[in-house]
Amino acid sequence: GMDCIGFVSQYLVYAGVWQEYKPYYPADYRREFKPVKSLAEVTRLCLVIWNNYHIGIVDAVGDYDADRGELLV
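In this text the structure is predicted, and so the values were computed from the model without any measurement. (Residues numbered from 1 in each chain as written. Predicted model: local features only at pLDDT ≥ 70, side-chain atom pairs only at ≥ 80, totals over all residues. Heavy atoms only, no water.)

Enquirer: Give me the lowdown on the packing of aromatic side chains, citing residues and values where you can.
Expert: Overall, the coordinates contain four aromatic pairs when judged by the stated rule. With centroids separated by 5.5 Å and ring planes inclined at 80°, the aromatic side chains of tryptophan 18 and tyrosine 24 adopt a geometry described as edge-to-face. Grouping residues by exposure puts tryptophan 18 and tyrosine 24 together as buried. Aromatic side chains tryptophan 18 and tyrosine 29 sit 5.5 Å apart centroid to centroid with 25° between the ring planes, which places their arrangement in the stacked category. Here tyrosine 29 lies in the loop between α1 (4-14) and β1 (47-50) and tryptophan 18 lies in the loop between α1 and β1, a separation of 11 residues in the sequence. As far as the burial class goes, tryptophan 18 and tyrosine 29 line up, both buried. Ring pairs connect the aromatic residues Trp18, Tyr24, Tyr29 and Phe33, which therefore count as one cluster. (Phe/Tyr/Trp six-rings, centres within 6.5 Å; stacked < 30°, edge-to-face > 60°. Buried < 20%, exposed > 50% of the residue type's maximum accessible area, 1.4 Å probe, protein only. Helix = DSSP H or I, 4+ residues; strand = E, 2+ residues; numbered from the N terminus.)

Enquirer: Let's hear about the pattern of salt bridges: which residues, and what values?
Expert: Per the counting criterion, the structure on display carries three salt bridges. In this structure, glutamate 32 engages lysine 22 in a salt bridge whose closest nitrogen and oxygen atoms are separated by 2.8 Å. Remark: lysine 22 occurs in the loop between α1 and β1 and glutamate 32 occurs in the loop between α1 and β1; sequence separation between them is 10 residues. Residue classification places glutamate 32 among the partly exposed positions, given a relative accessible area of 35%. For lysine 22, a relative accessible area of 22% corresponds to the partly exposed category. The salt bridge partner of glutamate 70 is arginine 68, with a shortest N-O separation of 3.4 Å. Arginine 68 sits in the exposed class, given a relative accessible area of 59%. (Salt bridge = Lys/Arg side-chain N within 4 Å of Asp/Glu carboxyl O.)

Structural measurements only, silent on function.
Structure follows, in C-alpha cells:
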C-alpha cells in the first residue's frame, strides 16, 4: 500500500497473519490486536496508532527513560 493502512494491512497478509487485505481504520486494529497496558509490554512488531489517523509497526525497541516516561522505538 501507499499509505499507512495499506502498508500495515499488506504486511500482515504477507506475513501470514491475515489471509486478505482488511479495510480497517487505524483504531479498528484493536479488534484483533490486544493493546499494551504499559511501556514494558512494547516489543518489536507492536502496532502504534496515532489518534485513529495513522498507524505504524515498531521495528525496534530502544532505551526507556523512566524520568520522562518515554520509550524510544
